[in-house]
Amino acid sequence: MTKGFFSKVSGKNAEKPIHEETEKETKEEKKGFFCKLNEKNAEKLNAKEEAVLTLPSKIMDASTHAQRLVLMVKRAIELSLGKKDDQLKATQMIIRTFTNSSPNSPAFIYYIKVKMSSTEWPWIFVKIYEPPVINTVSKVVLRDLKKMKEEYGLITF
């Protein structure tokens, strides 16, 4: 019996795709799968988060604390926009508190309207998470960002 005979019968060695082609296809399939998985997880996280947040406060002028929060996440904002901006000015804010956090040190979500020096995106809305205790493990995080070409009233998102 010859080697060719078994490969024809079993089909193991018949027209196998090149290793790089199969690797590329599986990477693309996995990438699409994980993106869909992350979108589903993000939706679940948002639904769970909404359930434990208080109603939004009224729109108020941004405090110095809101300005500090914007500066803490400035690098993340610049990466999201794709360019640097040295003049980020917090103008308005809305605060929401987590109901499942300690009353002595609660966690917050801030929605902040920011004026930028950019002509392409002069206004942005940022959603910032502030944990109960800020340290290297739990830090202030930029959760979301909305770009605006015109000035609009601040909203929660």
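Going by the structure above, here's the rest.
These notes cover the structure that comes with them.

Reading guide: rules and limits
Residues numbered from 1 in each chain as written. Predicted model: local features only at pLDDT ≥ 70, side-chain atom pairs only at ≥ 80, totals over all residues. Heavy atoms only, no water. Helix = DSSP H or I, 4+ residues; strand = E, 2+ residues; numbered from the N terminus. Buried < 20%, exposed > 50% of the residue type's maximum accessible area, 1.4 Å probe, protein only. Contact = heavy atoms within 4.5 Å. Pairing = 2+ DSSP bridges. Arc of directions from axis to C-beta. Core = buried A, V, L, I, M, F, W, Y, C linked by side-chain atoms within 4.5 Å.

1. Quick look at the overall build of the protein
In terms of helices and strands, the protein carries 4 helices and 5 strands. For the protein, with 157 residues in total, the buried portion stands at 29%. Intrachain contacts of the protein at a sequence separation of at least 6 include 56% that bridge at least 24 residues.

2. Some words on the sheet that holds strand β4 (residues 123-130)
Strand order in the open sheet made by the 5 strands is β1-β2-β3-β4-β5, with antiparallel pairing throughout. On the outer flanks of this sheet lie β1 (60-61) and β5 (141-148), each paired with one strand and no other. With 2 bridges joining them, β1 and strand β2 (residues 89-97) adopt antiparallel strand pairing. Opposite D61, over in β2, you have Q92 as the bridge partner.

3. Looking at helix α3 (residues 64-72)
Inspection of α3 places A66, Q67, L69 and V70 among the buried residues, and these make up the whole buried set. Within α3, the buried residues cover an arc of 160° as seen down the axis, which keeps them to one side. Buried residues belonging to α3 abut α4 (74-81), β2, β3 (108-115) and β4.

4. Examining the pairing of β3
Most of β3 sits out of view: 6 of its 8 residues are buried. Where β2 meets β3, 8 bridges bridge the pair, whose relative direction is antiparallel. Bridging from a neighbouring strand, K89 pairs with K115 of β3. Pairing analysis gives 8 bridges linking β3 to β4, with the strands arranged antiparallel. By the bridge assignment, F108 is partnered in β4 with E130.

5. As for the nonpolar core
Core analysis: the largest hydrophobic core is formed by 19 residues, its most contacted members being V70, I77, I112, V114, I124, V126 and I128. For this core, the secondary-structure elements that each account for two or more residues are α3, α4, β2, β3, β4 and β5. Residues I94, F98, I109 and Y111 belong to the second largest nonpolar core, which totals 7 residues.

6. Side note on the environment of S101
Positionally, S101 belongs in the loop between β2 and β3. Spatially, the C-alpha atoms of S101 and L53 are 9.9 Å apart, while their sequence positions differ by 48 residues. Once residues lying within four places of it in the same chain are set aside, the contact partners of S101 are P106 and A107.

7. Digging into α4
Those residues of α4 that sit buried are K74, I77, E78 and L81. Projected down its long axis, α4 carries its buried residues within an arc of 100°, all on one side. Taken together, the buried residues of α4 touch α3, β4 and β5. Following α4 by one or two positions, G82 adopts a phi angle in the positive range, close to 85°.

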